[in-house]
Amino acid sequence: MSSNDFGTEAEWRDNPKKAFESGVRVGFQRWEALRIAMEFGFRGTHNDALQLQEDMVQDVLASFFEDGPVEEYDLEDYFSDSLVSLFNTNVEDGSSKWLAKLCVRLYDDCMRKQDFTGLNKMISEQQKHEHAMSAARSSSQISSSAADDDEDDEDEGEDGNEPQLETIVEQNTEQMGSLDISGQTEGETAASRSRPQPEVDEDGFTVVPSRRKGRK
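In what follows, the accompanying structure is described.

Here is what the cut-offs are and how they apply
- For every chain, the first residue of the written sequence is number 1, and numbering continues from 1 onward in sequence order.
- Whole-chain, interface and lining totals are the exception, using all residues; otherwise, since this is a predicted model, local features are given only for residues with pLDDT of at least 70 and side-chain atom pairs are given and counted only at 80 or more.
- Based on all heavy atoms of the structure, the side-chain values leave hydrogens and waters out of the count.
- By definition here, a salt bridge exists when the distance from a side-chain nitrogen of Lys or Arg to a carboxyl oxygen of Asp or Glu is within 4 Å.
- Here a helix means four or more residues in a row that DSSP labels H or I, a strand means two or more in a row labelled E, and each is numbered from the N terminus.
- Type-normalised accessible area, obtained with a 1.4 Å probe on protein chains alone, sets the label of each residue: buried when under 20%, exposed when over 50%, and partly exposed for intermediate values.
- Residue count minus one, scaled by 1.5 Å, sets the expected span of a helix.
- Pairs of residues are marked as contacts when any of their non-hydrogen atoms sit within 4.5 Å.
- Every axis in this analysis is a line fitted to C-alpha atoms, fitted for helices over the stretch in contact. Angles between the N-to-C directions lie between 0 and 180 degrees.
- By definition, any crossing whose near helix is turned counterclockwise from its far helix by less than a right angle is left-handed, and any crossing with a clockwise turn is right-handed.
- The classification used treats Ala, Val, Leu, Ile, Met, Phe, Trp, Tyr, Cys and Pro as nonpolar, Asp, Glu, Lys and Arg as charged, and all other residues, Gly among them, as polar.
- Patch membership is restricted to residues that have no salt bridge and whose relative accessible area is over 30%. Joining uses 9 Å for like charges and 5 Å for the nonpolar side chains Val, Leu, Ile, Met, Phe, Trp and Tyr.
- Only the protein chains shown count as covering a residue, and every accessible area follows the Shrake-Rupley method with a 1.4 Å probe.
- Asp and Glu are treated as the negative residues and Lys and Arg as the positive ones, with His and the ends of the chain left uncounted.
- Note that the charge is assigned to NZ on lysines, CZ on arginines, CG on aspartates and CD on glutamates.
- Pairing of aromatic rings covers Phe, Tyr and the six-membered ring of Trp, with a centre-to-centre limit of 6.5 Å; geometry is then stacked below 30 degrees between planes, edge-to-face above 60, and tilted otherwise.
- Charge-over-ring placement is defined geometrically: NZ (Lys) or CZ (Arg) within 6 Å of the ring centre, and within 35 degrees of the ring normal.
- As used here, the term nonpolar core means buried Ala, Val, Leu, Ile, Met, Phe, Trp, Tyr and Cys residues forming a set that is joined through side-chain atoms within 4.5 Å.

Across all of its chains, the model carries six salt bridges by this definition. Glu 21 is the salt-bridge partner of Arg 25, the closest N and O atoms lying 3.0 Å from each other. With Arg 25 and Glu 21 both in helix H2 (residues 16–29), this residue pair falls four residues apart, about one helical turn. On the basis of relative accessible area, Arg 25 is assigned to the buried category, the value being 12%. For Glu 21, a relative accessible area of 24% translates into the label partly exposed. The salt bridge involving Asp 108 is made with Lys 113; its shortest N-O contact spans 3.2 Å. Since its relative accessible area comes to 53%, Lys 113 is described here as exposed.

Here's what the structure looks like:
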């Protein structure tokens, strides 16, 4: 689902469940640990990984809509356990807690208060992120085409191209750190601020390391 399919505030007021679902989907799209798990930890096809992500989204929605009150720590455990069991990835970056807190806050805002301020901001940031990544891909394709026309400049073209893509990615993960969901602090929303480098432990699990040093 693209950010253009999330609906409007008028639609959300008529159907708060759609608003909450939209927010959850944005959260999953910006969950960097899941992106890393799908890219490095999962052994199946990309379509299989997307289906598992959709299954997780549906599980979250069912937990809130069918099972009653949901505790943040239960969601955090579910997210961490799912990455291990489904994607062979251990998460140590705090992002499972970030996403759990986001879902609980979104439910309170959308379903109880019908306050869509935070959701609107999330979707706006997601649209900026999508546009930037699209521009980065287009720039990369143009640069690659130019490099193919002149093999003598191949190394120079790659050196000038890759940092540009990384810069765009870093700029947009910084935007994620500034999101505010009705009082959520910058520190709480900074789980996707910078992309950690995945590691593989001795048991073969992909590990998304913590960004904080000295944390006990």
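Still to come is the rest of the account.
Once that is clear, we can look at helix H5 (residues 72–87). Because an α-helix packs 3.6 residues into every turn, residues spaced three or four apart end up facing the same way. Along its 16 residues, H5 runs 22 Å from first to last C-alpha, staying within 8% of the 22 Å computed at 1.5 Å per residue. Turning to H5, its buried residues are Leu 75, Phe 79, Ser 82, Leu 83 and Phe 87. Buried positions along H5 lie against H2, helix H3 (32–41), helix H4 (46–65), strand E1 (89–91) and helix H6 (95–113). After H5 finishes, the residue Asn 88 shows a positive phi value of roughly 60°.

Close contact between H3 and H4 brings their axes to 10 Å; oriented N to C, the two are set at 150°. For the pair H3 and H4, the sense of crossing is right-handed. Contacts between H3 and H4 pair Leu 34, Arg 35 and Met 38 from the former with His 46, Ala 49, Leu 50 and Gln 53 from the latter. Of the residues in the contact of H3 with H4, the class split is four nonpolar, two polar and one charged.

Residues Glu 71, Asp 74, Asp 77 and Asp 81 make up a contiguous surface patch of negative charge. In this structure Glu 71 comes out as partly exposed when scored by relative accessible area, which is 41%.

As a further point, take the packing of aromatic side chains. The tally for this structure, following the rule as stated, stands at ten aromatic pairs. Seen in terms of ring centroids, Trp 12 and Phe 116 are 5.6 Å apart; in terms of plane orientation they differ by 55°. Their pairing is tilted. Taken as a pair, Trp 12 in helix H1 (residues 9–14) and Phe 116 in the loop between H6 and helix H7 (117–149) lie far apart in primary sequence, 104 residues in all. Among the aromatic residues, those joined into a ring-pair cluster are Phe 20, Phe 64, Phe 65 and Tyr 107. The cationic tip of Lys 17 hangs over the ring face of Phe 65; the distance from NZ or CZ to the ring centre is 5.0 Å.

Another aspect to go through is the nonpolar core. Counting 38 residues, the largest nonpolar core has Phe 28, Trp 31, Phe 79 and Phe 87 as the members making the most contacts within it. Elements that contribute at least two residues to this core include exactly H2, H3, H4, H5, H6 and H7. At eight residues, H6 tops the list of elements feeding residues into this core. Among residues more than four places away in sequence, those in contact with Phe 28 are Leu 34, Arg 35, Gln 53, Met 56, Val 57, Val 60, Phe 79 and Leu 99.

By themselves, these are just geometric observations and shouldn't be taken as functional.
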